[in-house]
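Spelled out from the first residue to the last, the chains are:
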Amino acid sequence: MPYLEDHLLYYKKTCPYCQKVLRFMDENKITMDTRDTLQPGNQNDLVRVGGKKQVPCLVVGGKPLYESDDIIAYLRGRV
């Protein structure tokens, strides 16, 4: 699978829902930019984009998509 441009996944390593999305991406060889919200500044960027700290958050074309099952369903359509 090619690299998905204009896609950005915000996640937290300790979040089981984030791990579910990351595992799906790994199993399907989906690559895109990712940001760990525990790294300095990333959580602030997430709040700026989506208005809340909820992860996982997939930003597609500047629009946030929340909920692991919704993110996986979206990505499944891209595989």
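Everything that follows concerns the structure shown earlier in this document.
Residues numbered from 1 in each chain as written. Predicted model: local features only at pLDDT ≥ 70, side-chain atom pairs only at ≥ 80, totals over all residues. Heavy atoms only, no water.

## Considering the packing of helix H1 (residues 16-27) against helix H3 (residues 68-76)
- Between H1 and H3, whose axes approach to 9 Å, the crossing angle comes to 15°. With respect to their mutual orientation, H1 and H3 come out roughly parallel. For H1 against H3, the interelement crossing comes out right-handed. Contact residues: H1 offers Tyr17, Lys20, Val21, Phe24 and Met25, while H3 offers Ser68, Asp69, Ile71, Ile72, Leu75 and Arg76.
- Residues belonging to the contact of H1 with H3 are distributed by class as follows: seven nonpolar, one polar and three charged. (Axes fitted to C-alpha atoms, helices over the stretch in contact; angles between N-to-C directions. Helix = DSSP H or I, 4+ residues; strand = E, 2+ residues; numbered from the N terminus. Parallel < 35°, antiparallel > 145°, perpendicular 65-115°, else oblique. Left-handed = near helix turned anticlockwise from the far one by under 90°. Contact = heavy atoms within 4.5 Å. Nonpolar A, V, L, I, M, F, W, Y, C, P; charged D, E, K, R; others polar.)

## Points about the pairing of strand E4 (residues 63-66)
- Pairing geometry for strand E3 (residues 57-60) and E4, over four bridges, is antiparallel. In the sheet register, Cys57 faces E4, and the bridge partner there is Tyr66.
- Taking the residues between adjacent antiparallel strands as the criterion, E3 and E4 are bridged by two residues, where Gly61 takes a positive phi near 60°. (Pairing = 2+ DSSP bridges.)

## Some points on the sheet that holds E4
- Taken in spatial order, the four strands make up an open sheet running E2-E1-E3-E4, and their pairing is mixed. One side of each edge strand has no neighbouring strand; the edge strands of this open sheet are strand E2 (31-36) and E4. Averaged over all pairs of adjacent strands, the angle between their axes in this sheet comes to 30°, without regard to strand direction.
- Sheet topology places strand E1 (residues 3-11) next to E3; four bridges connect them, and they run antiparallel. When the sheet's bridge partners are listed, Leu8 is paired in E3 with Val59.
- H1 rests against E1 and E2 of the sheet, and its axis sits at about 155° to E1.
- Taken strand by strand, H3 contacts E1, E2, E3 and E4, and its axis lies near 115° from that of E4.

## Some remarks on unusual backbone geometry
- Residue Pro56 is reached from Val55 by a cis peptide bond, and omega for that bond is 0°.
- Checked against the element boundaries, Pro56 lands in the loop between helix H2 (42-50) and E3.
- Phi is positive for Asp6, which is not a glycine, with a value near 60°.
- Even without glycine at this site, Lys29 takes up a positive phi of about 55°.
- As for its placement among the helices and strands, Lys29 is situated in the loop between H1 and E2.

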